[in-house]
Amino acid sequence: MNLPVHLRTVISIVRGWLFHSPVYVQIAVTPRCNLNCRMCQVVKTWREEPELSLEELERVADTLGKLGVGYVVLTGGEPFLRKDLPGILKLFNERGFDVRLQTNGTLTTPELADCLVDSGLRHLSVSLNSLSPEKEDELAGREGVWEKAMETLALFSQRLPPRGSMVVLNSIVAPQTLGETLALAEFARKAGFFNSFIPVHTGRGLNYRTPEAGFEFSPEDFEKIDRVYGRLIELKKKGYPIFGSFRFLIESAEFLKTGVSHWHCPVPGLFFEVAPDGRYSPCSEFTTRYSVLAPDFVKTYRSESFRKEMRGYAEHCPGCMYACWPEVTYLCTSPPVFFQRAREFWRLLRFRRPVLSRKELENIARRCRSITI
Ligand code: SF4
Ligand code: SF4
């Protein structure tokens, strides 16, 4: 665990508490993706956008540094489509950011995994919505996705240092996957990974949420949602590596039943996203006309007219429970969540992940599949 790097994040969190300045930024390094997941609009939204060069991403990193950002997530589309991904990772690491890389796990080779770990990768998120290969492939719109994800998890299980690194499984909680949530929690615990359970978002007119039929929960599901989330909270209390805070889990269940979120969105404070072409996005759902590459972006960002314009997005937004945005907000506004996270961070410093092969991971998955609610 690189304490000086985490110190930078801690400082950005303190600044977030005091000044509502940005702590966390997602950078979409490419609009492209090799999959076409049913519950995702990213590729359709960004189909025509260009992507930033390495030199432009360096300028983005310098701007984020000036704004005091501590933590960045490299996302897409699918970041592994970029040939210069190790270089991108390295440039953010060299500037002292805490960096997480997000992937669908279908494009990893042993050579690329070596190169990314050598470039400083310590924190990886891999999409895994199901322990059933058929269901995962059906949701991702392509065959072989589940097998590839297992291969990726094994490659990084064997290459990331067992101490001081972290692999998170990103799983969408939708009607198709709700019954598997506890099985995924058990799988992660046994494999030494963490779970992030993200409620499905449905609707039209925004960048991310899916307009597709079949992703809405019906009132008959509500009791099951309560049971699943009640059980997740119990498991987390027992020490299961479930990444969401207790508050996030409680509010996620509510969101899945009612579509209403209860946290106060601080846009433009605490977080934002950089779109593939460098435009500022208050979050993943909206893209604006401002470019983070503009020489006067820091000045613009701090101006009252900009902040007023951005607050308009939050005021007209139906709300969300995308894990990252509410969690950063709780962290910087809610003392119970802050202290819960601090305790988890100390536990993480002592955490040692088992090193597992693909066959071992698949065996664990097979044994966990029978767990239902
Ligand atoms: S969810 Fe991720 S992997 Fe799937 S289409 Fe969207 S960006 Fe690609
Ligand atoms: S609630 Fe805030 S973070 Fe969430 S989608 Fe709306 S504007 Fe974005």
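The coordinates are above.
What you see is a predicted model; the values in this text were computed from it and never measured.

Here is what the cut-offs are and how they apply
- Residues numbered from 1 in each chain as written.
- Chains lettered and ligands numbered in written order.
- Predicted model: local features only at pLDDT ≥ 70, side-chain atom pairs only at ≥ 80, totals over all residues.
- Helix = DSSP H or I, 4+ residues; strand = E, 2+ residues; numbered from the N terminus.
- Rg over C-alpha atoms; globule rule 2.2 N^0.38 Å.
- Buried ≥ 20, exposed ≤ 12 C-beta atoms within 10 Å, placed from the backbone.
- Contact = placed C-beta atoms within 7 Å.
- Near = placed C-beta within 6 Å.
- Nonpolar A, V, L, I, M, F, W, Y, C, P; charged D, E, K, R; others polar.
- Axes fitted to C-alpha atoms, helices over the stretch in contact; angles between N-to-C directions.
- Parallel < 35°, antiparallel > 145°, perpendicular 65-115°, else oblique.
- Left-handed = near helix turned anticlockwise from the far one by under 90°.
- Pairing = 2+ DSSP bridges.
- Right-handed = clockwise from strand over helix to strand, strands pointing away.
- Expected span 1.5 Å × (residues − 1).
- Arc of directions from axis to C-beta.

Q: What's the story with the overall build of the chain in this structure? I'm lost.
A: Within the chain one finds 15 helices and eight strands. Relative to the 2.2 N^0.38 estimate, which gives 21 Å for 373 residues, the radius of gyration of the chain is 19 Å and therefore close to what a compact globule would have. Each principal axis of the C-alpha atoms in the chain carries an extent, and together these give about 55 × 45 × 40 Å. Looking at the chain as a whole, 46% of its 373 residues qualify as buried. A separation of at least 24 residues holds for 76% of the contacts in the chain among residues at least 6 apart in sequence.

Q: Explanation requested: the site of ligand 1 in the structure shown.
A: Residues in close proximity to ligand 1 include Cys33, Leu35, Asn36, Cys37, Cys40, Val42, Val43, Gly76, Gly77, Glu78, Asn104 and Ser127, which together make up its full environment. Of the residues that constitute the shell around ligand 1, the class distribution is six nonpolar, five polar and one charged.

Q: Before we go on, may I ask you to explain the site of ligand 2 in this structure?
A: Taken together, Cys265, Val267, Pro282, Cys283, Glu285, Tyr313, Ala314, Cys317, Gly319, Cys320 and Trp325 make up the full set of residues adjacent to ligand 2. Here the residues of the shell around ligand 2 are counted per class, giving nine nonpolar, one polar and one charged.

Q: What is the right way to read the environment of Val69 from this model?
A: Relative to the assigned elements, Val69 resides in the loop between α3 (54-67) and β2 (71-75). Apart from the residues lying within four places of it in its own chain, the contact partners of Val69 are Ser12, Pro22, Val23, Val25 and Leu64.

Q: Honestly, the packing of helix α5 (residues 110-118) against helix α7 (residues 145-159) in this entry has me stumped. Any pointers?
A: In contact at an axis separation of 10 Å, α5 and α7 are set at 45° when each is read in the N-to-C sense. Comparing the axis directions of α5 and α7 gives the class oblique. Note on packing geometry: the crossing formed by α5 with α7 is right-handed. Every residue of α7 that contacts α5 at Pro110, Ala113, Asp114 and Val117 is listed here: Leu155, Phe156 and Arg159. In the contact of α5 with α7, the residues fall into five nonpolar, no polar and two charged.

Q: How should I be thinking about unusual backbone geometry in this particular structure?
A: With the exception of glycine, most residues fall at negative phi, and the peptide bonds are largely trans. Following Gly76, the chain continues into Gly77 via a peptide bond in cis, with omega recorded as 15°. Within the secondary structure, Gly77 is located in the loop between β2 and α4 (85-94). A cis geometry characterises the amide bond from Val267 onward to Pro268, with omega recorded as 15°. Examined against the element boundaries, Pro268 turns out to sit in the loop between α10 (246-258) and β7 (271-274).

Q: So what exactly am I meant to see when it comes to helix α8 (residues 181-191) here?
A: In an α-helix, one turn spans 3.6 residues, which is why side chains three or four residues apart end up on the same side. Along α8, eight of the 11 residues are buried, which leaves the element largely enclosed by surrounding structure. When α8 is considered as a whole, its buried residues turn out to be Thr181, Ala183, Leu184, Ala185, Glu186, Phe187, Ala188 and Ala191. Those residues of α8 that are buried lie in contact with β5 (166-173), β6 (194-199), α9 (222-237) and α15 (358-368).

Q: Is there a simple way to think about the pairing of strand β1 (residues 24-28) in this case?
A: Residues in a regular strand project their side chains so that they alternate between the two faces of the sheet. Among the five residues of β1, five are classified as buried, and the element is accordingly described as predominantly covered. By the alternation rule, side chains of β1 split into Tyr24, Gln26 and Ala28 and Val25 and Ile27, which are all buried. Sheet topology places β1 next to β7; four bridges connect them, and they run parallel. When the bridges of β7 are listed, Gln26 appears paired with Glu273.

Q: I would appreciate a short explanation of the pairing of β5 in the present structure.
A: A large share of β5 lies buried, amounting to seven of its eight residues. Two strands pair when backbone bridges link them, and β5 and β6 are joined in this way by six bridges, in the parallel orientation. The residue bridging Val173 from the neighbouring strand is Pro199, located in β6. Tracing the backbone out of β5, into α8 and back to the parallel element β6 gives a crossover that is right-handed.

Q: Help me understand the packing of α7 against α15, please; the structure alone is not making it clear to me.
A: How two helices pack is summed up by the angle between their axes together with the distance between the axes. Two numbers describe how α7 lies on α15: the axes approach to 8 Å, and their chain directions differ by 120°. Judged by the angle between their axes, α7 and α15 are oblique. Considering how the two elements wind past one another, α7 and α15 form a crossing that is right-handed. Mapping the contact onto sequence places Met150, Glu151, Leu153 and Ala154 in α7 and Arg358, Leu361 and Glu362 in α15. Looking at the contact of α7 with α15 residue by residue, the class counts come to four nonpolar, no polar and three charged.

Q: How do you make sense of the environment of Ala183 when you look at a structure like this?
A: Within the secondary structure layout, Ala183 lies in helix α8. Sequence separation between Ala183 and Thr372 is 189 residues, and the spatial gap between their C-alpha atoms is 6.6 Å.

Q: It is not clear to me how the sheet that holds β2 should be interpreted in this structure. Could you clarify?
A: Read across the open sheet, the eight strands follow the order β6-β5-β4-β3-β2-β1-β7-β8; overall the sheet is mixed. Of all the strands in the sheet, just β6 and β8 (280-281) have a single pairing partner and so form its edges. Two elements, strand β4 (residues 123-127) and β5, share five bridges in a ladder whose sense is parallel. Looking at the pairing, Leu124 lines up with Val167 of β5. Against the sheet, α4 touches β2 and β3 (98-103), its axis set at about 155° to β3.

Q: Explanation requested: α9 in the structure shown.
A: Over its 16 residues, α9 runs 23 Å from end to end, which matches the ideal 22 Å to within 8%, given 1.5 Å per residue. Of the positions making up α9, those classed as buried are Ile225, Val228, Tyr229, Leu232 and Lys236. One side of α9 carries all its buried residues, which in axial view fall inside an arc of 90°. In α9, the exposed positions that point more than 90 degrees away from the buried face belong to Glu223, Glu234 and Lys237. Buried residues in α9 make contact with α8 and α10. Of the residues trailing α9, Gly239 is marked for its positive phi of about 105°.

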